[in-house]
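Now for the letters of each chain:
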Amino acid sequence: QVTVVESGGGSVTTGGSMRLSCEASGSPVSWGTMAWHRQAPGKLREVVAQVTRDGQITYSEASQGRFTISRDGAKPTAGLQMNSLLPADTAVYYCSVEYMDRQYFMANTVWGSGTQVTVSS
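Residues numbered from 1 in each chain as written. Predicted model: local features only at pLDDT ≥ 70, side-chain atom pairs only at ≥ 80, totals over all residues. Heavy atoms only, no water.

S.K.: Would you mind showing me how to read the sheet that holds strand 8 (residues 77-82) here?
M.R.: Strands pair in a sheet through their backbones, by hydrogen bonds, and they do so in one of two ways: parallel or antiparallel. Read from one edge of the open sheet, four strands run 1-3-8-7, paired in antiparallel fashion. The outermost strands of the open sheet, each flanked by one partner alone, are strand 1 (3-7) and strand 7 (67-71). Averaged over all pairs of adjacent strands, the angle between their axes in this sheet comes to 15°, without regard to strand direction. The sheet contact formed by strand 3 (residues 18-25) and strand 8 spans six bridges and is antiparallel. From the neighbouring strand, serine 21 faces strand 8, where its bridge partner is glycine 79. (Pairing = 2+ DSSP bridges. Helix = DSSP H or I, 4+ residues; strand = E, 2+ residues; numbered from the N terminus. Axes fitted to C-alpha atoms, helices over the stretch in contact; angles between N-to-C directions.)

S.K.: What is the right way to look at the state of the cysteines in this model?
M.R.: Here, disulfide denotes a covalent bond that connects the sulfur atoms of two cysteines. Throughout the structure, instances matching the rule amount to one disulfide. Each sulfur in the disulfide pair cysteine 22 and cysteine 95 lies 2.0 Å from the other. Because the torsion about its S-S bond is -75°, the bridge between cysteine 22 and cysteine 95 counts as left-handed. Here cysteine 22 is found in strand 3, whereas its partner cysteine 95 is found in strand 9 (residues 91-100), with 73 residues between them in sequence. As far as the burial class goes, cysteine 22 and cysteine 95 line up, both buried. (Disulfide = S-S within 2.5 Å. Buried < 20%, exposed > 50% of the residue type's maximum accessible area, 1.4 Å probe, protein only.)

S.K.: I'm lost on the pattern of salt bridges in this one. Help?
M.R.: It is possible for side chains of opposite charge to pair when their charged atoms get near one another. In this structure the tally under the stated criterion is four salt bridges. Between glutamate 46 and arginine 38 there is a salt bridge whose closest N-O contact spans 2.7 Å. Overall, glutamate 46 belongs to the partly exposed group, its relative accessible area being 36%. On the basis of relative accessibility, which here comes to 8%, the residue arginine 38 falls in the buried class. Salt-bridge contacts for lysine 75 lead to aspartate 72; the nearest nitrogen and oxygen are separated by 3.6 Å. (Salt bridge = Lys/Arg side-chain N within 4 Å of Asp/Glu carboxyl O.)

Laid out in structure tokens, this is it:
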């Protein structure tokens, strides 16, 4: 069974920094893209940043220049360094990990349960 756990959420004031971590466990055929998403109250979930197993990185407009996603090679471990945080960044942050399962050799995505990030003014 493949599972994902996020850690590192909490509260910070405007302009502060925070680092989130994500680690997946299990024994799939391979690990794929890892991504951070967030969902603020009353809003749809949105992608914040993602990194492929080959290290290609993309950011949303909201996170570009302030957030940095990192990954330990092709391992299912990723971090999200968030700087210059704003109240608008307040949300539950989720990590997702793509993988190829051993039973059907199909691509799947597993999600963590999320971690709350609160930025106060």
